[in-house]
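Spelled out, the chains give:
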Amino acid sequence: MKLSRGMFLGLWWLTSLSAQTLDWCKSQPRPAYGQLERVKIPDPWFEVYKIRPGVLAIYEPHQFEEVISYLIIGTQKALLFDTGMGISNIKAVVDGLTGLPVSVVNSHTHNDHVGDNWRFTDVYGMPTNFTRTNAKGSTADAQAELAPGQICGSLPPGFDAKSYRTRAFHISQWLHDGDKINLGDRTLEVISTPGHTPDSIALLDEPNGLLFTGDTFYLGPIYLYRPETDLDAYVVSITRLAELAPRLKLLLPAHNVPVAEPSYLPRVLDAIQQVRHGQAKSVSREEKQEYMFQGFSFLLSR
Ligand SMILES: [Zn+2]
């Protein structure tokens, strides 16, 4: 079973699988959402929140990843940062929110962030082998998202669980560290943040003090145990992001809650250095070690 990012700082590792599932589902809605401005949309699979003018979080609360994609709307075009699980149709949601042309950029190419890439024609990617492999699509990761306990509420009507897979997608343009994507009145800078995966990026909207952190940082257990994870690279990437913190007003992460204080970044750097120097306490959890800090944790392989 995969580990819910929604459960942390509790005694859940002592509980049974069914109780864990119950806890994950029961903890919704997360209190942070009560402070956010909700935008009504017809598809109940998604919830949309207006975080800033022109910045919408598209949240999938009914699947345990609680993934969050972002629609960033400029005067000339819009950018969709991740396309979610591919369980319902995020393109239909986006088309209902903007009439502008939409380019897709992925925070990285794990299945839960590229699920609806196939529905879009303008998809940017990082030039890594990891990206190229994932663009071919896959079945196992997608099917695991439907395992018992992973769905809270109901799947969309007409969704076919048996044939659910991450569909192949076409990358129309390669991105590099430092690239700027111009949306008209707003420009987003690509910051390469390898670590969680080789193709992880963050997006910086410097004039507005916004940093979209992908899976490099979110409030919850941060996954650093998969074979594609590089811990040394992660430390370098967090160092870079932590240096930006004084100029930032808000972090917009890719799971759980779409708002976090930039002051987390130097704390994450300090925490991962403690882990790397053997100075942090951890608990065993299934095949992994979890290192707990205030508001977040790291899940490493043993
Ligand atoms: Zn990921």
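Since the model is a prediction, treat every value here as computed from it, not as a measurement. (Residues numbered from 1 in each chain as written. Predicted model: local features only at pLDDT ≥ 70, side-chain atom pairs only at ≥ 80, totals over all residues. Heavy atoms only, no water.)

*Asks:* Looking at this model, I keep getting lost on the packing of helix H6 (residues 231-244) against helix H7 (residues 264-276). Mind explaining?
*Replies:* Between two packed helices, both the angle of their axes relative to each other and the distance between the axes serve to describe the pair. The interhelical angle for the contact between H6 and H7, taken along N-to-C directions, is 155°, at an axis separation of 8 Å. When the axes of H6 and H7 are compared, the pair comes out roughly antiparallel. Two packed elements cross with a definite hand, and for H6 against H7 that hand is left-handed. The segment H6 lies against H7, with Leu231, Asp232, Tyr234, Val235, Ile238, Thr239, Leu241 and Ala242 engaging Leu265, Pro266, Val268, Leu269, Ile272 and Arg276. (Axes fitted to C-alpha atoms, helices over the stretch in contact; angles between N-to-C directions. Helix = DSSP H or I, 4+ residues; strand = E, 2+ residues; numbered from the N terminus. Parallel < 35°, antiparallel > 145°, perpendicular 65-115°, else oblique. Left-handed = near helix turned anticlockwise from the far one by under 90°. Contact = heavy atoms within 4.5 Å.)

*Asks:* Help me understand H7 in this model?
*Replies:* Here H7 contains 13 residues, and its C-alpha end-to-end distance of 18 Å stays within 8% of the 18 Å for a straight helix at 1.5 Å per residue. Buried residues of H7: Tyr264, Leu265, Val268, Leu269, Ala271, Ile272 and Val275, and no others. Mapping the buried residues of H7 onto a view down its axis gives an arc of 165°, with all of them on the same face. Contact partners of the buried residues in H7: strand E12 (210-214), strand E13 (221-224), H6, strand E14 (250-253), strand E16 (288-293) and strand E17 (296-301). Phi for Gly278, located one or two positions after H7, is positive at around 70°. (Expected span 1.5 Å × (residues − 1). Buried < 20%, exposed > 50% of the residue type's maximum accessible area, 1.4 Å probe, protein only. Arc of directions from axis to C-beta.)

*Asks:* It is not clear to me how the environment of Ser263 should be interpreted in this structure. Could you clarify?
*Replies:* Inspection of the secondary structure puts Ser263 in the loop between E14 and H7. By relative accessible area, Ser263 is classed as partly exposed at 41%. Placed 12 residues apart in sequence, Ser263 and Leu251 show a C-alpha to C-alpha distance of 9.3 Å.

*Asks:* Mind showing me how you'd approach the pattern of salt bridges here?
*Replies:* For side chains bearing opposite charge, pairing can occur when the charged atoms are close. By the definition in use, this model includes 11 salt bridges. With a closest N to O distance of 3.5 Å, Asp141 and Arg226 form a salt bridge. Here Asp141 is found in helix H5 (residues 140-144), whereas its partner Arg226 is found in the loop between E13 and H6, with 85 residues between them in sequence. Under the relative-accessibility criterion, Asp141 is labelled partly exposed at 27%. Judged by relative accessible area, which is 18%, Arg226 ranks as buried. Of the charged contacts in the structure, one is a salt bridge between Arg186 and Asp205, with a shortest N-O distance of 2.5 Å. Within this pair, whereas Arg186 is found in the loop between strand E9 (180-182) and strand E10 (187-192), its partner Asp205 is found in strand E11 (residues 201-205), the two being separated by 19 residues in sequence. Grouping residues by exposure puts Arg186 and Asp205 together as buried. (Salt bridge = Lys/Arg side-chain N within 4 Å of Asp/Glu carboxyl O.)

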